[in-house]
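Structural features, examined
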Amino acid sequence: MHPQVEDLIQYMKEKYNAFVEQPWAKYPENITFKDPDVMKWFALIMPVERNKVAPLWNRDVSESSDQVYIINVKAEQYFIGMISQNYGYMPGYHMNKQHWLTILVDGTVPTEQILDRIDDSYELITNTPTKRIYQAVKQIPKGKVATYSQVAEMAGNPKMSRAVGNALHKNPNPEQIPCHRVVNAKGELADAFVFGGKNVQEERLTAEGVIVTNGAVDLDLYGIKKEDC
């Protein structure tokens, strides 16, 4: 593995707490990187035969079959078309060429430039209402609750309470995104908490010191205030 590849992997783990997978048993060197909240790829590192990519830049490698690493990252279509004029960049290799950019990882492209593209990719897949909702829910302190409308406001759009409910229903990581701390406008718990069953939401809140009475929480006592965030 080229040292530049190792640097990129370390960067994504440390900066973005990336969820790292090797999802294909047949291709163990193919590594995907996901945002831990929305669980979407923002990068894929894989080895390919040099003679499969270098000719795209009019490089003569007819006698070479060695492997080289590439990284695929999300990018805007106009940017892909522009930067692919440069050696080391190309539209997505085995990916959607309108939305993915492939970069050669063998020292050809400076590491700082690749890191910029990784940052752009991460921003593209995480700058979404769902991501903002999950980030808002993470701000609810232990021992407190927030209503759907409060979470919507914290996520930047007070009108998307329904979207909050949908996002929490699909919560990919309930241990890190404490959706049990979200209640309705009356302080009522969900009829059937998705992550574990009917009584789990109450059990989790009780364990955090929140008193639940007849399926509801006193918002005056436990409702989140701006200074709590």
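Structure shown above.
Okay, so let's go over this structure. (Residues numbered from 1 in each chain as written. Predicted model: local features only at pLDDT ≥ 70, side-chain atom pairs only at ≥ 80, totals over all residues. Heavy atoms only, no water.)

Side note on the packing of aromatic side chains
Each aromatic ring pair is specified by the distance between its two centres and by the angle formed by the two planes. Test applied: To pair, rings of Phe, Tyr and Trp, with the six-membered ring standing in for Trp, must have centres within 6.5 Å; the planes then decide the type, stacked if under 30 degrees apart, edge-to-face if over 60, and tilted in the middle. For helices the rule is a DSSP run of H or I covering at least 4 residues; for strands it is a run of E covering at least 2, with both sets numbered from the N terminus onward. Note on exposure labels: buried denotes an accessible area under 20% of the residue type's maximum, exposed denotes more than 50%, and partly exposed covers the range between, all computed with a 1.4 Å probe on protein chains only.
Within this structure, the stated rule accounts for five aromatic pairs. Relative to Tyr 122, the ring of Tyr 16 lies with its centre 3.9 Å away and its plane at 20 degrees, an arrangement referred to as stacked. In this pair, Tyr 16 is assigned in helix α1 (residues 3-16) and Tyr 122 in helix α4 (residues 111-126), connecting sequence segments 106 residues apart. Across the pair, exposure class does not vary: Tyr 16 and Tyr 122 are buried alike. Note on Phe 42 and Tyr 122: the rings are 5.2 Å apart at their centroids and 90 degrees apart in plane angle, and the pair reads as edge-to-face. Here Tyr 122 lies in helix α4 and Phe 42 lies in strand β3 (residues 41-49), a separation of 80 residues in the sequence. We classify Phe 42 as buried; its relative accessible area is 0%. Members of the aromatic cluster, connected to one another through ring pairs, are Tyr 11, Tyr 16, Phe 42 and Tyr 122.

What about the packing of helix α5 (residues 129-138) against helix α7 (residues 161-169)?
What counts here: What counts as an axis is a line fitted to C-alpha atoms, over the stretch in contact for a helix, and the angles between N-to-C directions run from 0 to 180 degrees. Note on angle classes: values under 35 degrees are labelled roughly parallel, values over 145 roughly antiparallel, values of 65 to 115 roughly perpendicular, and the remainder oblique. Note on definitions: a residue-residue contact is assigned when non-hydrogen atoms from the two residues lie within 4.5 Å. Three categories are distinguished: nonpolar for Ala, Val, Leu, Ile, Met, Phe, Trp, Tyr, Cys and Pro, charged for Asp, Glu, Lys and Arg, and polar for the others, with Gly belonging to the last.
Where α5 meets α7, the axes come as close as 10 Å, and the angle between the chain directions of the two elements is 80 degrees. Taken together, the axes of α5 and α7 are roughly perpendicular relative to one another. Each of Thr 130, Ile 133, Tyr 134 and Val 137 in α5 lies in contact with α7, whose residues at this interface are Ala 163, Val 164, Ala 167 and Leu 168. Taken together, the residues of the contact of α5 with α7 break down into seven nonpolar, one polar and no charged.

Examining the pattern of salt bridges
Note the threshold: Whenever Lys or Arg places a side-chain nitrogen within 4 Å of a carboxyl oxygen from Asp or Glu, that contact is recorded as a salt bridge.
Summed over the entire model, instances satisfying the criterion amount to 10 salt bridges. Note that Lys 34 and Glu 21 form a salt bridge whose closest N and O atoms lie 3.0 Å from each other. In this pair, Lys 34 is assigned in strand β2 (residues 31-34) and Glu 21 in strand β1 (residues 19-21), connecting sequence segments 13 residues apart. Judged by relative accessible area, which is 15%, Lys 34 ranks as buried. Of the residues examined, Glu 21 reaches a relative accessible area of 26% and is grouped as partly exposed. Of the charged contacts in the structure, one is a salt bridge between Asp 66 and Arg 50, with a shortest N-O distance of 3.3 Å. Of this pair, Asp 66 sits in the loop between α2 (50-53) and β4 (67-74) while Arg 50 sits in helix α2, and the two are 16 residues apart along the sequence. Among the ionic contacts, a cluster of salt bridges with common partners joins Asp 35, Asp 37, Lys 131 and Lys 138.

Observations regarding the side chain of Asn 30
With respect to the secondary-structure elements, Asn 30 resides in the loop between β1 and β2. Residue Asn 30 is classed as buried on the basis of its relative accessible area of 8%. Excluding residues within four positions of it along the chain, Asn 30 makes contact with Glu 21, Gln 22, Pro 23, Trp 24, Leu 44, Ile 45, Met 46 and Pro 47.

Overview of unusual backbone geometry
At Asn 17, a residue that is not glycine, the phi angle is positive and equals roughly 50 degrees. Its place among the elements puts Asn 17 in the loop between α1 and β1. Notably, Asn 214 is not glycine yet its phi reads approximately 50 degrees, a positive angle. Looking at where Asn 214 falls in the secondary structure, it is placed in the loop between β9 (212-213) and β10 (216-217).

Description of the layout of surface pockets
As a reminder, the rule being used: Here a cavity is any set of points on a 1 Å grid over the protein atoms alone where a 1.4 Å probe fits but cannot get out, and a pocket is any open set with protein on both sides within 12 Å along at least 5 of 7 lines; a residue lines the site when it has an atom within 4 Å of a point. Grid points are joined across faces, edges and corners, and a volume is the space filled by probe spheres set on the points.
The calculated volume of the largest pocket comes to roughly 340 Å³. Residue lining of the largest pocket: 16 residues in total, with Tyr 27, Asn 30, Met 46, Pro 47 and Val 48 positioned closest to the centre. At five residues, the largest contribution of residues to the lining of the largest pocket is made by β3. Estimated volume of the second largest pocket: approximately 230 Å³. In terms of lining residues, the second largest pocket is bounded by Tyr 148, Gly 165, Leu 168, His 169, Cys 179, Val 182, Ala 190, Ala 192, Phe 193, Val 194, Phe 195 and Gln 201. Counting residues per element, the lining of the second largest pocket draws most heavily on α7, which supplies three residues. Tallied by class, residues from the lining of the second largest pocket come to nine nonpolar, three polar and no charged.

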